[in-house]
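# What the coordinates show
Each chain, written out:
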Amino acid sequence: MTTPQAPSTPDQTWGATPTPAPKPAWSPGRKIAAGAVAAVIVAGGGAAVWAASSSAATDTQAAPGGMPGGPGGGLGSALHGEYVASDGNGGYVTKIMQTGEVTELSATSLTAKSDDGFSKTYTITPAQATGLATGDTVTVVATESGSTATATSVTDGESAPGGGQGAPPSGAPARTG
């Protein structure tokens, strides 16, 4: 007596790797959903690129003394602070920036007081003092050596649209010297 054996198929041979079953095609609904997701991703990416390029245009405006972030930028509402800049010779220099009201003024010095009460006296040149008066709002950029702060630029904040306390002007001429 013989025992019947199941017929062998090429896919079921001992040691052979089985052939994967074909994947079912995507349904129309799944294709539409995938297309919608892709459209949202593309639109979001486009919006992100637009936003980045749009804000980069305003953030790169230079405030007095070459500081980035004029009106609308990152430092547009700064009253006073320090930052480090290149000295142009491979070194670095610490600079001071202050926006405030002129409380004392002479041909060689200017004292400014910010809205938060911070007050500082700067050494200036007669050219930087020209056209300024006590009570004017100015933005001063200076370097400090020891206890002496020497102004590298003085900008009258009232002569530019949008200028004034806390908003370094972009259109006002800086008095350097």
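Quick caveat, the model's predicted, so the values are computed rather than measured.

## As for the overall build of the chain
Scanning the chain from terminus to terminus reveals 2 helices and 7 strands. The N-to-C order of helical and strand elements in the chain reads α-β-β-β-β-α-β-β-β. Every one of the 177 residues in the chain was classed for burial, and the buried ones make up 28%. Taking all contacts inside the chain whose residues are at least 6 apart in sequence as the whole, residues at least 24 apart take part in 43%. Accessible surface for the chain amounts to roughly 11000 Å². Of this, 60% is attributable to carbon and sulfur atoms.

## With respect to the nonpolar core
Grouped together as the largest cluster of nonpolar side chains are 14 residues, with contacts concentrated most on L110, Y122, I124, V138, V140, A151 and V154. Elements with a contribution of two residues or more to this core: β2 (92-105), β3 (109-113), β5 (137-145) and β6 (148-156).

## Observations regarding the side chain of Q98
Note on placement: Q98 falls in strand β2. Judged by its relative accessible area of 0%, Q98 is buried. Within the local environment of Q98, its side chain forms a polar contact with the side chain of S114, the two groups lying 3.1 Å apart. What Q98 contacts, discounting residues up to four positions off in sequence, is L79, H80, A112, K113, S114, F118, S119, K120, Y122, V138, T139 and V140.

## Section: the pattern of salt bridges
Here the structure, examined in full by the defined rule, presents 1 salt bridge. K120 is the partner of E144 in a salt bridge, and the nearest nitrogen-oxygen pair spans 3.0 Å. With E144 in strand β5 and K120 in strand β4 (residues 119-123), this pair connects stretches of sequence that are 24 residues apart. The class for K120 is buried, based on a relative accessible area of 19%.

## A few points about the pairing of β2
Inspection of the sheet shows strand β1 (residues 80-86) paired to β2 by 7 bridges, in the antiparallel sense. Across the sheet, the residue bridging to S86 is Y92, located in β2. Taking the residues between adjacent antiparallel strands as the criterion, β1 and β2 are bridged by 5 residues, where G88 takes a positive phi near 85°. Note: β2 against β5, 7 bridges, orientation antiparallel. When the sheet's bridge partners are listed, Q98 is paired in β5 with V140. In this structure, β2 lies alongside β3, joined through 4 bridges in antiparallel fashion. When the bridges of β3 are listed, L105 appears paired with L110. Connecting the antiparallel pair β2 and β3 is a turn made up of 3 residues.

## Concerning the pairing of β5
In the sheet, β5 pairs with β6 via 8 bridges, with the strands oriented antiparallel. Each bridged residue has a counterpart across the sheet, and for S145 the counterpart in β6 is T148. Between β5 and β6, which follow one another and run antiparallel, lie 2 residues, and G146 among them has a positive phi close to 65°.

## As for the confidence of the model for the chain
Mean pLDDT over the chain stands at 74; residues scoring 70 or higher make up 58%. Of the regions scoring below 50 in pLDDT, residues 55-63 engages in 13 contacts with residues more than four places distant in sequence or in other chains. Below pLDDT 50 for its whole length, residues 159-171 participates in 41 contacts with residues either more than four positions away or in separate chains.

Criteria and cut-off values
In this numbering scheme, every chain counts its residues from 1 along its sequence in written order. With the structure being a predicted model, the display of local features is reserved for residues of pLDDT at least 70 and the display and counting of side-chain atom pairs for 80 or more, all residues being used for whole-chain, interface and lining totals. Only heavy atoms go into the side-chain values, all of them from the structure, while hydrogens and water stay out. Only DSSP runs of H or I with at least four residues qualify as helices, and only runs of E with at least two residues qualify as strands; both kinds are numbered from the N terminus onward. In this scheme, a residue with accessible area under 20% of its type's maximum is buried, one over 50% is exposed, and one in between is partly exposed, where area comes from a 1.4 Å probe on protein chains only. Here, residues are in contact when the closest pair of their heavy atoms is within 4.5 Å. Throughout, the Shrake-Rupley method with a 1.4 Å probe supplies accessible areas, and for residues the shown protein chains are the sole cover considered. In this description, a nonpolar core means a group of buried Ala, Val, Leu, Ile, Met, Phe, Trp, Tyr and Cys residues linked to one another through side-chain atoms lying within 4.5 Å. A 3.5 Å cut-off defines polar contacts: any pair of N or O atoms within that distance qualifies, except that in protein one atom must be a possible hydrogen donor and the other a possible acceptor, and neighbouring residues in sequence count only when both atoms are side-chain atoms. Any carboxyl oxygen of Asp or Glu within 4 Å of a side-chain nitrogen of Lys or Arg constitutes a salt bridge here. Pairs of strands are assigned from DSSP output, requiring at least two bridges between the strands. Confidence of the prediction at every residue is given by pLDDT, a number between 0 and 100.

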